[in-house]
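Architecture at a glance
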Amino acid sequence: MTEQPAALQISDEIAISIENMNKWYGAFHVLRDIDLTVYRGERIVIAGPSGSGKSTLIRCINALEEHQQGKIIVDGTLLSSDLKNIDRIRSEVGMVFQHFNLFPHLTILENCTLAPIWVRKIPKREAEDIAMHFLEKVKIPEQADKYPGQLSGGQQQRVAIARSLCMRPRIMLFDEPTSALDPEMIKEVLDTMVALAEEGMTMLCVTHEMGFARQVANRVIFMDQGQIVEQNEPEEFFNNPQSDRTKLFLSQIL
Ligand code: ADP
Ligand code: MG
């Protein structure tokens, strides 16, 4: 594995620390010896072929998947089987998936206020104010009273981002947030993510949008067969890939 370049250590504050982490699905060794330190404010793009373990890795960070070996520390909290720690980590970490997973029977506003009201115990009016604030940020406040099925895919994904932000996460995980979208909707979602990055959000994004990686990421991580094969600043990563597997991948997608 390539060492993390010193120049990338943009802050001494560590958001996520993963040490020697291994995970199996039954007998299948899906993540191998993962070491990764994410500093606060970093914008990391995770790239790699389908099946390389990208989703599994980011799902381990908020305990949507269990890991069997090694340590994951998020915002100073050790991820263990202790449910209190899992709750604490999940409340710090927002996640946006390829499929938006909005509740179809709730309005856009209700989708955004549900968790703040029931999990964070925020009064309804205040939760609605916060929700409107973030719906404005993602540029769809006028959709607040509609249902998800009445919105385009790009709009639904922006709602999903706003909904995550309503929980005031310190870290955002994205798993191919634009992969299910029609081409003309990809940009509006990426623009939302760019704005979030500009505000200093710590972000880990699994994406095939290499333009986004070049524009926003301070580090690109390349995974293959459950391992971090290579990582570098985007410029170096794209112009001067080190491993043959990275070169092959880039030749296929660029
Ligand atoms: P990626 O996101 O890079 O496409 P994934 O993390 O989804 O890769 O999957 C990595 C590997 O683990 C794949 O071979 C996939 O088939 C396998 N896998 C994913 N989820 C499960 C699961 N729940 N049970 C068994 N195998 C799984
Ligand atoms: Mg995936």
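Basis of the calculations
Residues numbered from 1 in each chain as written. Chains lettered and ligands numbered in written order. Predicted model: local features only at pLDDT ≥ 70, side-chain atom pairs only at ≥ 80, totals over all residues. Heavy atoms only, no water. Axes fitted to C-alpha atoms, helices over the stretch in contact; angles between N-to-C directions. Helix = DSSP H or I, 4+ residues; strand = E, 2+ residues; numbered from the N terminus. Parallel < 35°, antiparallel > 145°, perpendicular 65-115°, else oblique. Left-handed = near helix turned anticlockwise from the far one by under 90°. Contact = heavy atoms within 4.5 Å. Phe/Tyr/Trp six-rings, centres within 6.5 Å; stacked < 30°, edge-to-face > 60°. Buried < 20%, exposed > 50% of the residue type's maximum accessible area, 1.4 Å probe, protein only. Expected span 1.5 Å × (residues − 1). Arc of directions from axis to C-beta. 1 Å grid on protein atoms, 1.4 Å probe; cavity = no way out; pocket = protein on both sides within 12 Å on 5 of 7 lines; lining within 4 Å. Points joined across faces, edges and corners; volume = space filled by probe spheres on them. Nonpolar A, V, L, I, M, F, W, Y, C, P; charged D, E, K, R; others polar. pLDDT = per-residue confidence, 0-100. Near = heavy atom within 4 Å. Polar contact = N/O pair within 3.5 Å; in protein donor to acceptor, adjacent residues only side chain to side chain. Areas by Shrake-Rupley, 256 points an atom, 1.4 Å probe, with all protein chains shown as cover. Core = buried A, V, L, I, M, F, W, Y, C linked by side-chain atoms within 4.5 Å.

On to the packing of helix H3 (residues 108-118) against helix H4 (residues 124-137), then. Axis separation between H3 and H4 bottoms out at 9 Å; the angle between their running directions is 125°. One finds that H3 runs oblique with respect to H4. Crossing of H3 against H4: the hand is right-handed. Here Ile108, Leu109, Cys112, Thr113, Pro116 and Ile117 of H3 lie close against H4, whose contacting residues are Lys124, Ala127, Glu128, Ala131, Met132 and Leu135.

What follows covers the packing of aromatic side chains. Overall, the coordinates contain two aromatic pairs when judged by the stated rule. When the ring of phenylalanine 222 is compared with that of phenylalanine 249, the centres are 5.1 Å apart and the planes differ by 45°; the resulting orientation is tilted. Residue phenylalanine 222 is found in strand E9 (residues 219-224), and its partner phenylalanine 249 is found in helix H9 (residues 244-253); the two are separated by 27 residues along the sequence. What makes phenylalanine 249 buried here is its relative accessible area of 6%.

A separate point is H4. In this model, H4 (14 residues) spans 20 Å end to end at C-alpha, consistent with the 20 Å of a helix rising 1.5 Å per residue. Every buried residue belonging to H4 is among Ala127, Glu128, Ile130, Ala131, Phe134 and Leu135, and all of these are buried. Axial view of H4: buried residues confined to an arc of 165°, hence all on one face. Facing away from the buried side of H4, by more than 90 degrees, are the exposed residues Arg125 and Asp129.

Size it by volume and the largest pocket reaches roughly 630 Å³. What lines the largest pocket is a set of 24 residues, and nearest its centre among them are Val93, Met95, Ala115, Ser164 and Met167. Listing elements by their share of the lining of the largest pocket, those giving two or more residues are helix H2 (83-92), strand E6 (93-96), H3 and helix H5 (153-165). With five residues, the top contributor of residues to the lining of the largest pocket is H3. Of the residues assigned to the lining of the largest pocket, the class counts are 15 nonpolar, six polar and three charged. In this model, the second largest pocket occupies a volume close to 160 Å³. Along its surface, the second largest pocket is lined by Ala63, Glu65, Glu66, His67, Leu79, Ser80, Ser81 and Ile86. Each residue belonging to the lining of the second largest pocket can be placed in one class, and the counts come to three nonpolar, three polar and two charged.

In the predicted model, the protein carries a mean pLDDT of 94, and the fraction of residues at 70 or more is 95%. Across the predicted assembly, pTM comes out at 0.94 and ipTM at 0.98.

The next thing to look at is the site of ligand 1. Neighbouring residues of ligand 1: Tyr25, Phe28, Val30, Pro49, Ser50, Gly51, Ser52, Gly53, Lys54, Ser55 and Thr56. A distance of 2.7 Å is found between an oxygen atom of ligand 1 and a backbone nitrogen or oxygen belonging to glycine 51. One of the backbone N or O atoms of serine 52 is found 3.2 Å from an oxygen atom in ligand 1. Contact with the protein chains hides 59% of the accessible area of ligand 1, taken as 560 Å² for the molecule alone. Looking at the shell around ligand 1, the elements with two or more residues in it are strand E2 (28-39) and helix H1 (54-61). Ranked by the residues each element gives to the shell around ligand 1, the list is headed by H1, at three residues.

Turning next to the nonpolar core. Membership of the largest hydrophobic core comes to 50 residues, with the highest contact counts inside it found for Leu135, Ile161, Phe174, Met193, Met203 and Phe212. Per-element accounting of this core gives the leading share, eight residues, to helix H6 (residues 183-198). Those residues in contact with phenylalanine 174 that lie beyond four places of it in its chain are Ile58, Val96, Ile161, Met193, Leu196, Met203, Leu204, Cys205 and Val206. Ranked by size, the runner-up nonpolar core spans 30 residues in total, among them Val38, Ile46, Ile72 and Met223.

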